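So the chains spell out like this:
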Amino acid sequence: MTLPDARQLDADDALAAFRARFYLPPGAPVYLDGNSLGLLSLDAEASVRRVLEEWKTLAIGGWLEGRPPWFTLAETLADRVAALVGAGPGQVAVTNSTTVNLHQLLATVYRPDAGDGRTKILAFAGEFPSDLYALTSHLRLRGLDPAAHLTLFSSGADGLIDEAALGEALGADPALQLAVLPAVVYTTGQLLDLRALTARAHAAGVQVGFDLSHSVGAVPHTLTADGVDFAFWCHYKYLNAGPGAVGGLYLHPRHDGLQPGLAGWWGAHKGSLFDMAREMTPADGASGLQVGTPPVLGLAALEGALDLAEEAGLVRLREKSLRLTAYLMTQIEARLPTGGADGFRFANPRADRQRGGHVALVHREAARICRALKDAGVVTDHRPPDIVRFAPVALYNSFEDCHVAVERLVEIMASRAHENYPLERSLVP
Ligand SMILES: *Cc1c(COP(=O)(O)O)cnc(C)c1O
C-alpha cells in the first residue's frame, strides 16, 4: 500500500497559510496538544496589545471609547461565538470559566423543586471530573444527596458511549429532570449526536445540557435547531484564546425570562447597569447570566482568535481536522503493531460522524511513550490510564506534523526509548 505523501497533502491544503499566523513553540517542533492549550496567534497578540494600549491611553474612557468599546465587548464576541455553535444573537454569553458556567446554568435551569417529582440529574461517568464535581456540589447546595440524585451513565465494553443505550436511560427514570453530557468525550474523542439525544431527552420530559469544551472551534454545532437546553465550554482549546481564557455558555431561547440563578450586576440590562437600582432587571437571553465585570484583556485574546476561526471557516476547519486525524490513524496502522500486549489500538471511533478533533491512541506504556515523544519534540498528552491524545489543529498543524509524530513514535518503539523513563507512580501496581 502506498501511503499519501504528507508534503503533497500540505501543498494542496487551502488552509495551510494560517500556520504562519501562529507562534509555534521553538522547543516543540510538532505541537499536537491544541485540545489542552491552543497556540498564540499574531492576531490574538495584536488584539491584546491594542487593549493594553487603550488602557494606557484611555484609562476609564476605554469602556466607551475603546475600539470596540469594552462595555459591550463581551456581547459583541458572544454573538460571533454564537455563529460557531449554531446559535442566534443573544443566545450565547462569553463569561466566567467553563465550570462556573455549568454552575450558573444549573442554578438557572435545574428545577428539582418544581413539584413534579423530577429531581435527578444524569451525567456521563467518564465526564471531565470538574463537571462531576460541579454537579455533586450543586446537588448538595440544593439540599439533595448526590448518591440518590446523580445518576452516572457508563461507557460500554469498548470504552465508548452506546448512544442507543443512553437514549433509553434518558427515558427510563420518571424522576430524571436533567442530563448533562459531553459533545465530544475528552478521553476517547467520541462525538455524540446532540440532535438525537436532545430529541430522546425531550420526549421523556428531560432537559439536556452539553459540555462543548472539546468541540467548539473544531466541530460545527446547530444548538438552537437541535433544541439543546443549554451548553457551556472553554475557548482555550481549539479556539486558541489563551490559558484560562474566558468561557462560553448557551441558553436556548425557550428559557428566556428565567431569573439568573447566580445574579450579578453585569447580567443586568445594559441600559440600566449604571442606574444602580436595588432591583435587578436581567438582560435578555444568555447575557443575563453574566455575573461580574468581564476580564477585558482576556476577551481581547478571544477577539483576535475568533478572527482566524471565522476567516478559515468552521466547515473547512472540520473537514481538514477529519483528514488530519484520518491521516494519523492510517500512518499508525501502517507502521506500528496493533493488537497483542505490546500493540496499539484506537480508543476513538473510526467513523467521521462520531470522531471529534483528536486521535486517542491506547498503549499500556502510554505515560512513558508520551514523555519520550515530548523529548523527541512531539507534544501530545497522556490521559490515565493508557491513552495518548494526538490533537492536530486544523488552523496550524500540517500533515507533515502528523507524519513526523508517527516517525518519532516508530523510532521510540524500535529503540524502546520510553523504557528509560521511570514508571509513573499510578502505573505501579
Ligand atoms: C477543558 C475542559 C473543561 C475545563 O473547565 P475549566 O472550568 O475551564 O477549567 C471542562 N470540561 C471539559 C470537558 C473540558 O475538556
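Residues numbered from 1 in each chain as written. Predicted model: local features only at pLDDT ≥ 70, side-chain atom pairs only at ≥ 80, totals over all residues. Heavy atoms only, no water.

1. Some points on the sheet that holds strand β4 (residues 150–153)
With mixed pairing, 7 strands are arranged side by side in an open sheet as β2-β8-β7-β6-β5-β3-β4. Strands with a single pairing partner mark the edges of an open sheet, and in this sheet they are β2 (92–94) and β4. If you compare each strand with its neighbour and ignore which way they point, the axes differ by 15° on average. The pairing of strand β5 (residues 176–182) with strand β6 (residues 207–211) spans 5 bridges and is classified as parallel. The residue of β6 that forms the bridge with V180 is G209. (Pairing = 2+ DSSP bridges. Helix = DSSP H or I, 4+ residues; strand = E, 2+ residues; numbered from the N terminus. Axes fitted to C-alpha atoms, helices over the stretch in contact; angles between N-to-C directions.)

2. Let's talk about helix α4 (residues 73–85)
Given a rise of 1.5 Å per residue, 13 residues ought to cover 18 Å, and the 19 Å separating the end C-alpha atoms of α4 matches this to within 8%. Judged by how many residues are buried, α4 sits mostly within the fold: 10 of 13 residues are covered. Buried residues in α4 make contact with β2, α10 (223–226), β7 (230–233), α11 (296–312) and α12 (314–335). (Expected span 1.5 Å × (residues − 1). Buried < 20%, exposed > 50% of the residue type's maximum accessible area, 1.4 Å probe, protein only. Contact = heavy atoms within 4.5 Å.)

3. Comments concerning the pattern of salt bridges
Using the criterion set out here, one finds 25 salt bridges in the structure. Of the charged contacts, one joins D226 and R195 as a salt bridge, the two residues approaching to 2.6 Å between their closest N and O atoms. Pair noted here: D226 is in helix α10 and R195 is in helix α9 (residues 194–203), with a separation of 31 residues, a long-range link. A relative accessible area of 45% means that R195 is categorised as partly exposed. (Salt bridge = Lys/Arg side-chain N within 4 Å of Asp/Glu carboxyl O.)

4. Some points on the site of the ligand
Residues in contact with the ligand, as listed here, are S97, T98, T99, E127, F128, D131, D211, S213, H214, Y236 and K237. One of the side-chain N or O atoms of T99 is found 2.6 Å from an oxygen atom in the ligand. At 2.5 Å, a side-chain N or O of K237 approaches an oxygen atom of the ligand. Here the ligand has 390 Å² of accessible area as a free molecule, and 86% of this is covered by the chains. Counted by class, the shell around the ligand contains 2 nonpolar, 5 polar and 4 charged residues. (Near = heavy atom within 4 Å. Polar contact = N/O pair within 3.5 Å; in protein donor to acceptor, adjacent residues only side chain to side chain. Areas by Shrake-Rupley, 256 points an atom, 1.4 Å probe, with all protein chains shown as cover. Nonpolar A, V, L, I, M, F, W, Y, C, P; charged D, E, K, R; others polar.)

5. Things to note about the domain arrangement of the protein
By the assigned domains, the protein splits into domain 1 (6–31 + 313–420) and domain 2 (49–309). For domain 1 and domain 2, the distance between their C-alpha centroids amounts to 29 Å. Between domain 1 and domain 2, the residue contacts involve 24 residues of the former and 20 residues of the latter. Interface of domain 1 and domain 2: buried area, both sides summed, is about 1,900 Å²; carbon and sulfur atoms make up 61% of it. Counting across the interface, domain 1 meets domain 2 through 0 salt bridges. For the pair domain 1 and domain 2, the interface holds 7 residue pairs in polar contact (both at pLDDT 80 or more). Looking at the side of domain 1 that touches domain 2, the element that brings in the most residues is α12, giving 3 residues. (Domains from an automatic or database assignment. Buried area = accessible area lost by both parts, 1.4 Å probe.)

6. Looking at the packing of α11 against α12
One way to put it is that α11 packs onto α12 with a least axis distance of 6 Å and a crossing angle of 80°. The orientation of α11 with respect to α12, classified from their angle, is roughly perpendicular. Touching A309, E311 and A312 of α11 are L314, R316 and L317, all from α12. Residues that form the contact of α11 with α12 fall into these classes: 4 nonpolar, no polar and 2 charged. (Parallel < 35°, antiparallel > 145°, perpendicular 65-115°, else oblique.)

7. Things to note about the side chain of Q207
Summarising the element assignment, Q207 is placed in strand β6. Relative accessible area serves as the criterion here: at 16%, Q207 is assigned to the buried category. A distance of 3.2 Å separates a polar atom in the side chain of Q207 from the backbone oxygen of V109. Separated by 3.0 Å, the side chains of Q207 and Q177 make a polar contact. Each residue touching Q207, except ones within four places of it in the same chain, is listed here: V109, Q177, L178, A179, H202, D229 and H255.

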